[in-house]
Each structure stands twice: as C-alpha cells, then as structure tokens.
Amino acid sequence: MKIVAICGAGVGTSGILKVNAERVLKRLDIEAEVTASDIANLPVAAADAQVILTSPELVDKIGKTFADVVVVNNYFDLEELTEKLERALG
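Position numbers for residues count from 1 along each chain, tracking the sequence in the order it is written. Side-chain atom pairs in this predicted model are given and counted only at pLDDT of 80 or more, local residue features only at pLDDT of at least 70, and totals for whole chains, interfaces and linings cover all residues. As a rule here, side-chain values cover all heavy atoms of the structure and leave hydrogens and water aside.

**Q** Quick question: what am I supposed to make of the overall build of the protein chain here?
**A** Helix numbering and strand numbering both begin at the N terminus, where a helix is a DSSP run of H or I of at least 4 residues and a strand a DSSP run of E of at least 2. Assigned secondary structure in the protein chain consists of 3 helices and 4 strands. Taken from N to C terminus, the helices and strands of the protein chain fall in the order β-α-β-α-β-β-α. Only C-alpha atoms enter the radius of gyration, while the globule expectation follows 2.2 Å times N to the 0.38, with N the number of residues. Its C-alpha atoms give the protein chain a radius of gyration of 11 Å, near enough to 12 Å, the size a compact globule of 90 residues would have. Counting only C-alpha atoms and orienting by the principal axes, one finds that the protein chain spans roughly 30 × 25 × 20 Å. Think of it in three bands: with a 1.4 Å probe and only protein chains considered, a residue is buried below 20% of the maximum accessible area for its type, exposed above 50%, and partly exposed in between. The burial tally for the protein chain puts 40% of its 90 residues in the buried class.

**Q** Would you explain the nonpolar core in this entry?
**A** In a soluble, globular protein the nonpolar side chains are often hidden away together inside. Among the nonpolar cores identified, the biggest contains 15 residues, and Ile 3, Leu 17, Leu 53, Val 72, Leu 81 and Leu 85 are the most heavily contacted of them. Among the secondary structure elements, those contributing two or more residues to this core are β1 (2-7), α1 (12-28), β3 (51-54) and α3 (78-89). The biggest single contributor to this core is α1, with 4 residues. By the convention used here, residues are in contact when the closest approach between their heavy atoms is within 4.5 Å. Once residues within four sequence positions are removed from consideration, Leu 53 is found in contact with Ile 3, Val 4, Ala 5, Ile 6, Leu 17, Ala 21, Val 70, Val 72, Leu 81 and Leu 85. Among the buried residues, those of types Ala, Val, Leu, Ile, Met, Phe, Trp, Tyr and Cys that are joined through side-chain atoms within 4.5 Å form a nonpolar core. By size, the runner-up hydrophobic cluster in this structure holds 9 residues, among which are Val 4, Ala 49, Ile 62 and Ala 67.

**Q** Looking at this structure, I do not really get the sheet that holds strand β4 (residues 68-71). What am I missing?
**A** Two modes of strand pairing occur in sheets, parallel and antiparallel, and in both the strands are linked by backbone hydrogen bonds. Spatial strand order, β2-β1-β3-β4: 4 strands in an open sheet with parallel pairing. Each having just a single partner strand, β2 (33-38) and β4 make up the two edges of the open sheet. On average, each strand axis in the sheet is tilted by 25 degrees relative to the strand beside it, whichever way the strands run. If DSSP finds at least two bridges between two strands, the strands pair. Pairing analysis gives 6 bridges linking β1 to β2, with the strands arranged parallel. Residue Lys 2 lies in a different strand from β2, and its bridge partner there is Glu 33. Running at roughly 165 degrees to β2, α1 makes contact with β1, β2 and β3 of the sheet. Lines are fitted to the C-alpha atoms to define the axes, a helix being fitted only along its stretch in contact, and any angle between axes, read from their N-to-C directions, falls within 0 to 180 degrees.

**Q** Can you help me understand the environment of Gly 15 in this one?
**A** Note on placement: Gly 15 falls in helix α1. Considering only alpha carbons, one finds Gly 15 and Ala 5, 10 residues apart in sequence, at a separation of 7.5 Å.

**Q** Even after reading the chapter, I still don't get α1, so can you show me in this structure?
**A** By this rule, a helix spans an expected 1.5 Å times one less than how many residues it contains. Its 17 residues place the ends of α1 25 Å apart at the C-alpha level, agreeing with the 24 Å of an ideal helix rising 1.5 Å per residue. Where α1 is concerned, the buried positions are Ser 14, Leu 17, Asn 20, Ala 21, Val 24 and Leu 25. Down the axis of α1, the smallest arc covering the buried residues is 145 degrees, so these residues share one side. Among the exposed residues of α1, those pointing more than 90 degrees away from its buried face are Lys 26 and Arg 27. Where the residues of α1 are buried, they touch β1, β2, β3 and α3. One or two residues past the end of α1 sits Asp 29, with phi positive at roughly 60 degrees. Picture the helix axis, draw a direction to every C-beta atom, and the arc is the one those directions span.

In structure tokens:
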C-alpha cells in the first residue's frame, strides 16, 4: 500500500504529515509506504497511491485521482489522523 502526503513545497508540512502517518500506521499494525511530495509532482508521486493526505487548502489542486483523498486539519493531532486513516483503509 502506498500513501502520499502532500503540501505546497513538499518539504515542511508534508514531512511532518509523513512522520505522523508512519507513527499511526505502526500503532495500527498496518504496513504501508509513506512518501512526501509537493503538489506539482503529485501526478507522478501518487500514480499508484491508495491514499493522499493533504490540507484543506490543497484539495482543489489535486485533480483527478483514483486514490482516497484524506483531508487532515491538524497535522499534529494523531487521534484525527488515526480516525481518518482507519476510515480510508478500513
């Protein structure tokens, strides 16, 4: 399974979201490859992804995808991330 965390530049917030998603997945005992990307490289980065993690501001810029788009409001809230990943992966 592949999960892509995206942000505007692909460095800061997507990196935070990637690390926290990995923590949540480990806690849930779910194996997945989690990568961070910027919005410009999303078509390549998420071509085979099952889930895209993003902020509310970038949802409209994602475009057509077969992945589940999961909007995360607080990248530091592991409970929010746990709930949303369980729903997307369950």
